[in-house]
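Take a look at the letters that make up each chain.
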Amino acid sequence: MISALLLLALRAAPFPIPDSPFPLQDTTKGKAVYVKWCAGCHGDGGAGDGRAAAHMLPRPRNFTGAVYKIRTTASGQLPTDADLMRAIDDGLPGTAMPAWKGRLSDAERRDVAAYIKTFSAFFADTSQHVAALKFSSEPSGGTGANALKTGRQFYDSIGCRKCHGDQGRGDGPSAPTLKDDAGFPIFAADLHQSWRFRGGGSTGDIYHRLRTGLDGTPMPSFSDLIDQKFLTDEQLWRLAQYVRSLSPPEPPEVQDVIHAPQIAGPVPASPDDSVWGRVGRYWFPLVGQVIRKSRWFAPAVSGVWVQALHDGRTLALRVSWDDRTQSPDSAWLGFEQRVLETVAGDDSGPPPPKAQPWPDQLAVQFPRHLPESPAAMERPYFLMGSETDPVYQWRWTSTPRRSVAGLARGIERFDTLPGVVAGQARFDHGEWRLVFTRALATPDTANEVQLEAGRAIPVAFFAWDGSSGEHGSRMAVSTWYFLALDRPTPPGVFISPVLAMLVTLGLGLVVVRRAQGGRRGTVRAGRQR
């Protein structure tokens, strides 16, 4: 009887459900967000086959298999909700996936994360116990010589160099063979560009990737090596610290102006001259050329480092950039063919071109003439000028190794000029270092820019990686920036403030002494009275 009454009471007055600490998610609203912002890349059904996918490398995530690269869970496990939210919020650097935090509301991002999970039955499997790994704290001393030495030892011993290369620029012996689980070509990460790491570029982020692996890619988890006592957790942290040390301490900030100081001696012609170690470096990002067919949405060169100096007569411009191979390289022809077959070059969908031994190339671009007024910054069309308003360029190619100057009248036409621009280049462990030198003033004032100190000189950059099939209009481009040839600081700039300070101090002492003398005279006069 008591049991029956209790059952009736429970039915009549059910216990209140406690409030959830997590806001409710609405998959219906999430679908609307997905269709508007995500389906173009990831596809209506979440299979990573949206209309834009054919132009991307790496390809957008296929949600139907529930295989995710960036997780805090063990390899082979589903990501946590927090993992999904982080990818949506922060994006995935080095890919076409942008950060949506600030573009979509908190509710929209939560709802779309819930909707993404509906594409795979694995998320509905109640037997799946999704739990983040327990990560240890970073040990101290990570920037010390002993810690980095230990990290480098394990970088070699566990085979990182096979894919990432001896110096970590993604140029290891296995790099030309790499592909993801879907069969698409994949680049080994360039460990010198931590700001492009998927999932973050801090030491902790790198350690997490080493523990979890990047599912769906050749990058494995190394947690099992800890379980097998091949290395300790602290040693894996040392490896993460070594990898982080290969990149600058902070992500490079893009600046508009390259400052070229004036030096007393002759400018260096060699890219490895010790003088360059004392000259500021400037980072300029490059993007795919997507304006003219054949378009290129997956440039291999993501940016260039630029340095410059002059001696009052000659300019030396040093450009360095990461490139996995010294093209042409027959070992990369197979990889090049897979890239060409994967990445569509334009909207009409012609058959992909055949892999060929294309060289690496770089171009530095200027207008033919500086604006008459420093305040007027009219510039030619940034994409190699036009037929009626050509641009002046320095071009370098790896094979045959040469540098030339000329006029570009659009992408299709380049007319070489007799003017001399010298160039020396060196390729070393996945990095090109190139120095152009040219006189500031030349006889051909009609076609060659006259480089003047104290003026803002427009400059732009173009790069081609031959082993990725880049040639012609398939290239990486920048917008216009500026080069400034600094004048030496006149001695008067330093002397004048010192003299002014001394004069002011002297006048002050005179005033003080006169005032003191006046007070003493007044005191004496008072005593006499």
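Here the structure is shown first, and the text comes after it.
Residues numbered from 1 in each chain as written. Predicted model: local features only at pLDDT ≥ 70, side-chain atom pairs only at ≥ 80, totals over all residues. Heavy atoms only, no water.

**Q** Requested: an account of the pattern of salt bridges, with residues and values cited.
**A** Evaluation of the coordinates by the stated rule reveals 23 salt bridges. For Arg 71, the salt bridge identified is with Asp 215, shortest N-O distance 3.6 Å. With Arg 71 in the loop between helix 3 (39-42) and helix 4 (81-90) and Asp 215 in the loop between helix 8 (203-212) and helix 9 (223-227), this residue pair connects regions lying 144 residues apart in the sequence. Neither residue differs from the other here; Arg 71 and Asp 215 are each classed as buried. Asp 322 is the salt-bridge partner of Arg 169, the closest N and O atoms lying 3.0 Å from each other. Residue Arg 169 is located in the loop between helix 7 (160-164) and helix 8, and its partner Asp 322 is located in strand 5 (residues 314-322); the two are separated by 153 residues in the primary sequence. As far as burial versus exposure is concerned, Arg 169 and Asp 322 are alike and both buried. Salt bridges sharing partners connect three or more residues here, namely Arg 169, Asp 272, Asp 322, Arg 426, Asp 428, Glu 431 and Arg 433. (Salt bridge = Lys/Arg side-chain N within 4 Å of Asp/Glu carboxyl O. Helix = DSSP H or I, 4+ residues; strand = E, 2+ residues; numbered from the N terminus. Buried < 20%, exposed > 50% of the residue type's maximum accessible area, 1.4 Å probe, protein only.)

**Q** Any chance you could break down the side chain of Arg 244 for me, citing the residues and the numbers?
**A** Mapped onto the elements of the fold, Arg 244 is located in helix 10 (residues 233-245). Buried within the structure, Arg 244 lacks any salt-bridge partner; its nearest side chain of opposite charge belongs to Glu 250, at an N-O separation of 6.1 Å. Not counting chain neighbours up to four residues away, the residues in contact with Arg 244 comprise Ser 194, Gly 201, Ser 202, Thr 203, Ile 206, Pro 249 and Glu 250. (Lys, Arg positive; Asp, Glu negative; His and termini not counted. Contact = heavy atoms within 4.5 Å.)

**Q** An account of the packing of aromatic side chains is needed here, citing residue identities and associated values.
**A** Working definition: an aromatic ring pair is given by the centre-to-centre distance plus the angle between the planes. For the structure on display, the rule yields 26 aromatic pairs. Both rings, one in Tyr 34 and one in Phe 119, keep their centres 5.2 Å apart while their planes meet at 55°; by these two values the pair is tilted. Placement of Tyr 34 in helix 2 (residues 27-37) and of Phe 119 in the loop between helix 5 (106-117) and helix 6 (145-157) is noted, with a sequence separation of 85 residues between them. For Tyr 34, a relative accessible area of 1% corresponds to the buried category. Owing to a relative accessible area of 15%, Phe 119 belongs among the buried residues under this scheme. Considering the side-chain rings of Phe 187 and Phe 335, the 5.1 Å spacing of their centres and the 55° angle between planes classify their relative orientation as tilted. Placement of Phe 187 in the loop between helix 7 and helix 8 and of Phe 335 in helix 11 (residues 333-342) is noted, with a sequence separation of 148 residues between them. (Phe/Tyr/Trp six-rings, centres within 6.5 Å; stacked < 30°, edge-to-face > 60°.)

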